[in-house]
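What the coordinates show
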Amino acid sequence: MSSQWSILFVDDDRDFLDAQAAYFSSRGHTVHTAESSREALDLIETTIPDIIFLDLMIEHYDSGFRLAYQIRRHEHLDNTPVVLLTGVARETGERFDQEDEGLPRWSRLDRFVDKPVTGRQLLGIAEELLAAKGDQGA
Amino acid sequence: MATARILVIDDEYGVRSGIRQILEMEGYEVEEAATGKEAMTLLHSSEYDVAFLDYRLPDIDGLTILQMIRQDELEIMTCMITAYANIDTAIAATRQGVDFFLPKPFLPDDLLGVTETLVRHKQARSEAERLRKEHEAGLLALAEEKTQTHSLISSLRDAVLVVNKDGNVVLVNRAMAAILDLPDDETAPRPAADLLGAGPLASLVEQLAAPQKDRTIGQLSLGERSFMTSIVTFRDDDGQALGRILTLSDISQVRRLAMEKERFIRTMVHELKSPLGAIRSLIEVATDKSLGDNLDSYLPMLQRAEGRIDNLVQLIGDLLSLSRSEQTESRGELELLAIEPAVTGALRLQAERIAAGRIVVHTDLEAGLPPILASSDDLDLIMSNLIGNAVKYNRDGGRLEVRARHIGEWVRIDVKDTGIGIAEENLDLVLTEFFREKRSETRDVEGSGLGLSIVKRLVERAGGRLEVASIQGEGSTFSVLLPA
């Protein structure tokens, strides 16, 4: 794994996407952004990102889950770290419990992160997840 | 003592007047009867405390008089006076309820002693009778109160069930009978487990049978309804448990409101967090110097952060307006207002955007429109929101029309645009809080999603209604109807 990653951000907030693009591009990474599930699915037909950050509420309150499932079905992305960004996780509680140990298994998501989140936090998460994956691969 | 009334019944004048003189000297009120018939007439027409009666009378004898006194339940003490005192007459007289026996001849002191005793007895007996009657009346009142209490419990909105200390259900009110699907609100005592065992309240049987607990509170869902359950032990004055009362209070409405409020707050938090997240990320690009050392590179992102802050401020303002519009009373004073200034004011606020979008504005306010009764703050907010939307969601070079008409008892104001319109399936949703259509056309339009909710509430508070008509891709018309 090179230290230059291809990252996909899926979020309906253009400002958030542009800011992350600037932050990660300045570190030499390639950033792809999608504002909808449709755009994201189109993008992964031609691009294979190393890591994907998804917002939970894209079109609906749980679009992120559905999109993650669809991404996993893609053969090249079966093992790609997928991180779910949630602006409402802590408040809802009823939809899913982040502390639930079974959650990563059934959702096949690697990490849940509460919004608002900084680029620096996301960078740390990406480094951690990609290093773990590198170890596994090795 | 002195007011006691005495009747002397004797055919011998001497005896009568003798007794009379002695008793009158002591302050008694005395009347005489020489025959049985005379005596009965007097006894029925007036009240006496004591009657002295001779055993032998010319018409009916003393025993018969005693019998009549008893039959007619006259409240009077009787004393038989006779010269023929013997055991037989004494027994016969006693059988007829005579209170005392005084043989002739007697001394004045004997007579006075007997009289005094009998009067005292009479008074004690009257007092006892009075108490008995009072008690009876009390019982009657109690019974009536019981009936009242019963019908009161019966008509309570809350469902009530009472179990006695033996675990038998002794009372089920109408609301409870409906829940338990029982025929009416009267049930013969039967064990709580039998009555509730297989029904919707089966889970409460165990709690009902635990009188050592003074109060158990819980929640229960039956179909679509939610109840607060309360089981209370009721005790006598000595603290002995007499039974338990189960009450079910329907809290469905409260719960529904609480859930709506919770959902609102959740959405609100999301709506506040999202822009904050974006602002934070935009600023981080600058603090991280992601775009190099030239400050100018950061200006576009910082300006976007500023724009998001402006929107947040607008959102907070809208939240306050929404909260105020929920109050039943308008904050501003109600006055008779013309429509025109509110329309002109709202158009002036949008002048810059109207010019930028090259929107053609057409106002058509009927001449002689009656004024409407509202607070001017409310009317301004209604018009600025509707006209603001018509500008925001319009097309470049589109048309905005404001029309007002006096129709019957209403003033109708239509705000019509030739903008992007609303999808048919969303027509009902556009008036709910935070709802915004997610379409490519709306992506760059800023808004809190609260404006129409505010307008709807303000219009309704002014006694009017808000109507929406729209065709996606062609435009929308929002109509405010206010009482003229």
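Notes on the structure follow. (Residues numbered from 1 in each chain as written. Chains lettered and ligands numbered in written order. Predicted model: local features only at pLDDT ≥ 70, side-chain atom pairs only at ≥ 80, totals over all residues. Heavy atoms only, no water.)

So, on to the overall build of chain A. Across its full length, chain A carries 6 helices and 5 strands. Listing the helices and strands of chain A from first to last along the sequence gives β-α-β-α-β-α-β-α-α-β-α. Split into buried and exposed, the 138 residues of chain A put 56% on the buried side. Contacts in chain A between residues far apart in sequence, at least 24 positions, make up 67% of those at least 6 positions apart. In the structure as shown, chain A presents an accessible area of about 6600 Å², 45% of it carried by carbon and sulfur atoms. (Helix = DSSP H or I, 4+ residues; strand = E, 2+ residues; numbered from the N terminus. Buried < 20%, exposed > 50% of the residue type's maximum accessible area, 1.4 Å probe, protein only. Contact = heavy atoms within 4.5 Å. Areas by Shrake-Rupley, 256 points an atom, 1.4 Å probe, with all protein chains shown as cover.)

Summed over the entire model, instances satisfying the criterion amount to 38 salt bridges over all chains. The partner of Arg-304 of chain B in a salt bridge is Asp-18 of chain A, with the nearest N and O atoms 2.5 Å apart. Of this pair, Arg-304 of chain B sits in helix α10 (residues 299-326) while Asp-18 of chain A is found in helix α1 (residues 14-25), placing the two residues in two different chains. On the basis of relative accessibility, which here comes to 28%, the residue Arg-304 of chain B falls in the partly exposed class. Salt-bridge contacts for Asp-378 of chain B lead to Arg-461 of chain B; the nearest nitrogen and oxygen are separated by 2.8 Å. Here the residue Asp-378 of chain B occupies a position in helix α13 (residues 376-392), and Arg-461 of chain B occupies one in helix α14 (residues 451-461), the gap between them amounting to 83 residues. Through salt bridges with shared partners, one network takes in Asp-13, Arg-14, Asp-15, Asp-18 and Glu-35 of chain A together with Arg-304 and Arg-308 of chain B. (Salt bridge = Lys/Arg side-chain N within 4 Å of Asp/Glu carboxyl O.)

Glancing now at the interface of chain A and chain B. Tallying the contact residues gives 28 residues for chain A and 20 residues for chain B. A buried area of about 2100 Å², summed over both sides, lies between chain A and chain B, and 50% of it is on carbon and sulfur atoms. Viewed at the interface, chain B and chain A are joined by 5 salt bridges. Across the pair Arg-304 of chain B and Asp-15 of chain A runs a salt bridge whose closest N-O atoms are separated by 2.6 Å. Counting across the chain A and chain B interface gives 9 residue pairs in polar contact (both at pLDDT 80 or more). Those elements that provide at least two residues to the side of chain A that touches chain B are α1, α4 (89-92) and α6 (119-137) of chain A. Of the residues assigned to the side of chain A that touches chain B, the class counts are 9 nonpolar, 6 polar and 13 charged. (Buried area = accessible area lost by both parts, 1.4 Å probe. Polar contact = N/O pair within 3.5 Å; in protein donor to acceptor, adjacent residues only side chain to side chain. Nonpolar A, V, L, I, M, F, W, Y, C, P; charged D, E, K, R; others polar.)

Another point: the sheet that holds strand β6 (residues 159-164) of chain B. Residues and elements named next belong to chain B. Strand order in the open sheet formed by 6 strands is β8-β7-β6-β11-β10-β9, with antiparallel pairing between adjacent strands. Whereas interior strands pair on both sides, the edge strands pair on one side only; in this sheet they are β8 (190-191) and β9 (215-222). Alignment of β9 against strand β10 (residues 225-235), held across 8 bridges, turns out to be antiparallel. The partner of Ile-217 across the bridge, within β10, is Ser-230. (Pairing = 2+ DSSP bridges.)

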